[in-house]
Amino acid sequence: MENGNLKLAIQKKGRLSEKSLELLKLCGLDIENYSERLIVSAKNHKLDLLFLRDDDIPEYVQDGVADIGIVGEDVVYEKQANITVSEKLGFGKCKLMIAAPSNGMPESLEDLNGKTIATSYPNILKLFLNANNLQAKIIQISGSVEIAPSLGVADLICDIVSTGNTLRMNKLNKSFNVFDSEAVMISNNDLKKNEEKYAILQDLIARMRSVLSAKKSKYLMMNIPKNSLEEITRIIPSLKSPTVLHLADEASLAVHAVIPADRFWSIVNDLKAAGATGILLLPIENMIF
Ligand code: PRP
Ligand code: ZN
């Protein structure tokens, strides 16, 4: 299907699916309910979405079946496909870890010598073992790695840990960290040659940056006594100087500022002590620089 649209592959079902779709919607793309379809076109953009197994995405992007893809760095490094990583997306953070049943917990890395480790990440695991001079046997399994120890197939596993629920449900404990991962935008190495498609990618990345930085910031509003403006300005952790507005009540001012979302609770008491009232914290949908 060559319609000039940029083809973006995302995970069909898994940790990154919902968040990838949510990000695209926040970027203003109108994507209809995809249910079980493999390809869906955005209604208001020259973009087609392909829903694929995440493990297949790097190769499909390399071969040009998809032009770009949203996938975890774990899969990108494991598959060693010939693609370009265009942008880190800051969500889907997780760790590739070695985990073990409580009666077989390794105490040091050396304890991995002679052990059997089940994983869907044989390449990354091999690099980790080599880098640490360890001799362990790798058993490659494509799914449900976490049940390998209870089936007696392996002593340990090496798999993705995000919330840790999968490990808990299978009575496994984290031991060593092998690789840190988050979602990234990858693109086909030849995409630059297609000016039109490359422009759609640049536009999409700009939209994503604006959505992602907006998520990290909040809009703070409050009323303050006129004479505490200097003190309040000092407390507000804003890069730019806050907006100050006059109120009908001449003894007061309204102050607005964009602040890092995670700083709010550490300053709210100081703001109150300086006389701020009616403090409001609002989400920001987009931030254009
Ligand atoms: C990974 C991994 C676990 C789960 C761990 O699967 O294989 O099943 O995430 O997450 P948790 O710590 O929050 O329970 P992924 O979404 O990558 O899907 P896949 O294994 O089908 O590729
Ligand atoms: Zn996968």
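Residues numbered from 1 in each chain as written. Chains lettered and ligands numbered in written order. Predicted model: local features only at pLDDT ≥ 70, side-chain atom pairs only at ≥ 80, totals over all residues. Heavy atoms only, no water.

Participant: Even after reading the chapter, I still don't get the overall build of the protein, so can you show me in this structure?
Facilitator: A count of helices and strands for the protein gives nine helices and 15 strands. A compact globule built from 289 residues should have a C-alpha radius of gyration of about 19 Å, whereas the protein, at 24 Å, is more than 25% larger. Dimensions of the protein, computed from the C-alpha atoms along their principal axes, are close to 75 × 55 × 35 Å. Classification of the 289 residues of the protein by burial places 45% in the buried group. For the protein, the share of sequence-separated contacts (at least 6 apart) that also reach a separation of at least 24 residues comes to 70%. (Helix = DSSP H or I, 4+ residues; strand = E, 2+ residues; numbered from the N terminus. Rg over C-alpha atoms; globule rule 2.2 N^0.38 Å. Buried < 20%, exposed > 50% of the residue type's maximum accessible area, 1.4 Å probe, protein only. Contact = heavy atoms within 4.5 Å.)

Participant: Please explain the coordination of the zinc ion (ligand 2) as it appears in this structure.
Facilitator: Octahedral metals with six donors have ideal donor angles of 90 or 180 degrees. Tetrahedral metals with four donors have an ideal donor angle of 109.5 degrees. For the zinc ion (ligand 2), every protein donor is listed as D54 (OD), D54 (OD) and D55 (OD), and the spread of their distances is 2.2 to 2.8 Å. The site at the zinc ion (ligand 2) holds four donor atoms, and with the angles between them running 50 to 140°, its shape is irregular. (Donors = N, O, S within 2.8 Å, 3.2 Å for Na, K, Ca; no water. Tetrahedral: all angles 85-135°; square planar, octahedral: opposite > 155°, others 65-115°.)

Participant: Looking at this model, I keep getting lost on the layout of surface pockets. Mind explaining?
Facilitator: A water-sized probe, rolled over the atoms, reveals where empty space remains. Considering only enclosed or pocket space, the largest pocket measures out at about 790 Å³ in volume. Residue lining of the largest pocket: 30 residues in total, with Q11, G14, R15, D159 and I160 positioned closest to the centre. Among the secondary structure elements, those contributing two or more residues to the lining of the largest pocket are α3 (73-79), β9 (156-161) and α6 (165-169). Looking at the lining of the largest pocket residue by residue, the classes come out as seven nonpolar, twelve polar and eleven charged. Of the domains in this structure, domain 1 (6-91 + 183-214) and domain 2 (94-181) are the two that each give at least three residues to the lining of the largest pocket. Around the second largest pocket, the lining is made up of 18 residues, and of these S238, L239, K240, V258 and M287 lie nearest the centre. Elements with a minimum of two residues in the lining of the second largest pocket: β12 (217-225) and β14 (252-260). Tallied by class, residues from the lining of the second largest pocket come to eleven nonpolar, five polar and two charged. (1 Å grid on protein atoms, 1.4 Å probe; cavity = no way out; pocket = protein on both sides within 12 Å on 5 of 7 lines; lining within 4 Å. Points joined across faces, edges and corners; volume = space filled by probe spheres on them. Nonpolar A, V, L, I, M, F, W, Y, C, P; charged D, E, K, R; others polar. Domains from an automatic or database assignment.)

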